[in-house]
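One-letter residues, chain by chain:
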Amino acid sequence: MESSIRVLMIDASNGFYKMTRFPVGKFFGPVDIGFHLASQYNALTIGTGVLAGSILPGSNRLIFTGFSPAWAGFFISSMGGAGLIFDNLGINLIAIIGQTKTPSILYLNRNHGEEIYVEIQPVDIHAIWNSGRKGIYSLMEYTYSKFGYRYETDPRILATGPASYATDFGAIGSAPIKNGEITHVDTWAGRGGFGSKLFQQHGIASIIY
């Protein structure tokens with residue numbers, strides 16, 4: 001087991017990011033680190049625990065933590081299977097703080113080595129939501145068309161929809177990508193409004209990794 005939990009801190013307001021390591025023992029995983037960072041920075045944390053990639057049931061779920069805008073308290077949600085690809089980044093968690101000036105896509109990638117590439121790309125979100133299949137489905141397709149070619153293997157996309165703009169209970173949706181195609185299998189996380197938090201408080205409309 002790793003001796004530390006690796007968290008990539010990302011400030012959406014300026015694109016600055018840094019790796020922070022939390023010792024195992026003082027912290028044990030996404031929930032207690034998420035509470036610590038939410039309390040200190042109002043962060044939204046997304047990631048996996050130290051057992052990610054193992055055969056243990058539930059170890060490949062992607063864990064979301066933060067203060068719920070809908071329920072005004074710390075909350076935890078998860079997304080089935082989405083942690084397996086996240087593990088390819090070589091980190092355990094991302095913690096998003098700050099807010100972009102305009103709605104944006106957060107791009108994360110690691111091609112060999114230790115370095116993680118982070119990019120924040122502004123988008124015309126309402127035009128995207130109103131195009132094609134609408135909502136999160138159009139946003140996933142747009143995000144994949146812009147960044148998918150940069151990945152050596154199929155990435156994963158987390159997306160918000162219009163409810164995350166207009167309400168405090170918007171969720172985060174995703175669909176697995178197989179052989180270069182976004183499948184029609186919906187997966188969801190963020191009961192308690194984590195989609196609303198991601199979009200309204202941090203300005204991030206979608207994340208591709």
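To be clear, the structure that these remarks concern was listed above.
What you see as residue numbers is a count from 1 along each chain, following the sequence as written. For this predicted model, a pLDDT threshold of at least 70 governs which residues receive local features, and a threshold of 80 or more governs which side-chain atom pairs are given and counted, while totals over whole chains, interfaces and linings are taken from all residues. Excluded from the side-chain calculations are hydrogens and water; all other atoms, namely the structure's heavy atoms, are used.

A closer look at the sheet that holds strand E8 (residues 117-122)
Adjacent strands of a sheet form backbone hydrogen bonds with each other and so pair up, either parallel or antiparallel. Just so we agree on the cut-off: Strands pair, by our definition, only if DSSP identifies at least two bridges between them. Secondary structure is summarised from DSSP: a helix means a run of H or I of at least four residues, a strand means a run of E of at least two, and numbering begins at the N terminus for each. Geometry is summarised by axes, namely lines fitted to C-alpha atoms with helices restricted to the contacting stretch, and by angles between N-to-C directions that run from 0 to 180 degrees. Residues are treated as being in contact if the distance between any of their heavy atoms lies within 4.5 Å.
Read from one edge of the open sheet, 6 strands run E8-E7-E14-E9-E10-E13, paired in mixed fashion. Of all strands in the sheet, those bounded by a partner on one side alone are E8 and strand E13 (187-189). With strand direction ignored, the average angle separating the axes of adjacent strands in the sheet is 20 degrees. Across 4 bridges, the pairing between strand E7 (residues 104-109) and strand E14 (residues 204-208) is parallel. Bridge pairing links Ser104 to Ile204 in E14. Lying on the sheet, helix H4 (residues 135-147) is in contact with E7, E8, strand E9 (157-159), strand E10 (172-174), E13 and E14; it crosses E9 at an angle near 140 degrees. On top of the sheet, helix H6 (residues 194-201) reaches E10 and E14; it is set at about 110 degrees to E14, its chief contact.

As for the nonpolar core
Convention followed: Among buried residues, the Ala, Val, Leu, Ile, Met, Phe, Trp, Tyr and Cys ones that are joined through side-chain atoms within 4.5 Å form a nonpolar core. Burial classes follow relative accessibility: with a 1.4 Å probe on protein chains only, a residue under 20% of its type's maximum area counts as buried, one over 50% as exposed, and anything between as partly exposed.
Core analysis: the biggest nonpolar cluster contains 27 residues, and Ile94, Leu108 and Ile207 have the highest contact counts within it. Formed by 20 residues, the second largest nonpolar core is a distinct cluster that contains Tyr144, Phe147, Ile157 and Ile177.

Some points on the side chain of Ser174
The condition is simple: Within 3.5 Å is the distance limit for a polar contact, defined as a pair of N or O atoms, with the added protein rule that one can donate a hydrogen and the other accept it, and that residues adjacent in sequence qualify only through two side-chain atoms.
Looking at the element boundaries, Ser174 is found in strand E10. Judged by relative accessible area, Ser174 falls into the buried class, the value being 1%. In terms of polar contacts, Ser174 uses its side chain to reach the side chain of Arg156, at 2.7 Å. Ser174 has contacts with Met79, Met140, Arg156, Ile157, Leu158, Val185, Asp186 and Thr187, leaving out every residue within four places of it along the chain.

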